[in-house]
Amino acid sequence: MWTRQGPYELGWEDLGTLLARIADGIRREGFVPDVVIGVARGGLPAASHLTCVLDVPVLHTVRVRRTESDARYAAKLAPRLESAELPGVGPGTKVLVVDDVVGTGATADLVRDHLLGLGVDPSDLRFAALVRNHRSGYRPDHCPAVIDDWIVFPWERGWGRTADVRPLVLRQEEG
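Report follows, based on the coordinates.

Scoring rules and cut-offs
Residues numbered from 1 in each chain as written. Predicted model: local features only at pLDDT ≥ 70, side-chain atom pairs only at ≥ 80, totals over all residues. Heavy atoms only, no water. Helix = DSSP H or I, 4+ residues; strand = E, 2+ residues; numbered from the N terminus. Buried < 20%, exposed > 50% of the residue type's maximum accessible area, 1.4 Å probe, protein only. Contact = heavy atoms within 4.5 Å. Areas by Shrake-Rupley, 256 points an atom, 1.4 Å probe, with all protein chains shown as cover. Salt bridge = Lys/Arg side-chain N within 4 Å of Asp/Glu carboxyl O. Pairing = 2+ DSSP bridges. Arc of directions from axis to C-beta. Right-handed = clockwise from strand over helix to strand, strands pointing away. Polar contact = N/O pair within 3.5 Å; in protein donor to acceptor, adjacent residues only side chain to side chain.

Below, the discussion takes up the overall build of the chain. For the chain, the count of helices and strands is 3 helices and 9 strands. Beginning at the N terminus, the succession of helices and strands in the chain can be written as β-α-β-α-β-β-β-α-β-β-β-β. Going through the 175 residues of the chain one by one, you find that 49% of them count as buried. For the chain, contacts bridging at least 24 residues in sequence account for 70% of all contacts bridging at least 6. Here the chain has roughly 8,700 Å² of accessible surface; of this, 50% comes from carbon and sulfur atoms.

Evaluated as defined, the whole model comprises 3 salt bridges. Between arginine 126 and glutamate 29 there is a salt bridge, with its nearest N and O atoms 2.4 Å apart. Here the residue arginine 126 occupies a position in strand β6 (residues 125-133), and glutamate 29 occupies one in helix α1 (residues 12-29), the gap between them amounting to 97 residues. Owing to a relative accessible area of 16%, arginine 126 belongs among the buried residues under this scheme. Put simply, lysine 94 and aspartate 124 hold a salt bridge, and the shortest N to O gap is 3.6 Å. With lysine 94 in the loop between β4 (80-83) and β5 (95-102) and aspartate 124 in the loop between α3 (106-117) and β6, the pair connects residues that are 30 residues apart, well separated along the chain.

Take the sheet that holds strand β1 (residues 8-9) next. With parallel pairing, the 3 strands of this open sheet are ordered in space as β8-β1-β9. The open sheet has two edge strands, β8 (151-152) and β9 (166-167), and neither has a second partner.

Residues alanine 40 and arginine 41 are joined by a peptide bond in cis, for which omega reads 5 degrees. Position of arginine 41 relative to the elements: it lies in the loop between β2 (35-40) and α2 (44-53). Positioned with a positive phi, aspartate 55 is a non-glycine residue whose angle comes to about 55 degrees. Along the chain, the position of aspartate 55 falls in the loop between α2 and β3 (58-65).

Now for α2. Buried residues of α2: Ala46, Ala47, Leu50 and Thr51, and no others. Buried residues along α2 cover an arc of 135 degrees about the axis, so they all sit on one side. If you follow the buried residues of α2, they end up packed against α1, β2, β3, β5 and β6. Positive backbone phi, approximately 55 degrees, marks aspartate 55, located one or two places after α2.

This part covers the pairing of β2. A regular strand places its side chains so that they alternate between the two faces of the sheet. Across the 6 residues of β2, 6 count as buried, placing the element largely inside the fold. Because side chains alternate across β2, one face comprises the buried residues Val35, Ile37 and Val39, and the other comprises Val36, Gly38 and Ala40, equally buried. Note that β2 and β3 share 6 bridges and pair parallel. When the bridges of β3 are listed, valine 36 appears paired with leucine 59. As for the winding sense of the linkage, the β-α-β connection from β2 through α2 to β3 is right-handed.

Moving on, we come to the side chain of histidine 142. With respect to the helices and strands, histidine 142 occurs in the loop between β6 and β7 (145-147). A distance of 2.9 Å separates a polar atom in the side chain of histidine 142 from a polar atom in the side chain of glutamate 29.

Structure (structure tokens):
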């Protein structure tokens, strides 16, 4: 999945650019969510920001575990939904799910199935991620960057100190 040429490091300014691209894409689409759901932990900073800039009244959190550790290149396990209490989410609710990175799409599939089980209509559901892996067959509705290696986000331990990092060069991409 990864090229293992060394991780990218995303700075705060570039994070703002990615979030602006996502918000602009959602606005252009005309999608107005009733709730934003952040996938813990990495999706929470982005979800919180999008809740504010899109003026969404509700922010919920779901927790999905895919690895036993946060170590670089940690082995992936089958995703497990650990917490997903979503009061008020059901038929008629427009939902924006936000994550930091899409590796395979397995997390998105799990969250989608959970939301569909709550009665959310597929047409009322959108997924956004800051970045996705270049080999992922899953493409979120809104994802402004594609990567080929690990990424260190500015809120993560080691940011600014991780060895062999390279900056993430942002291109003009879809929001």
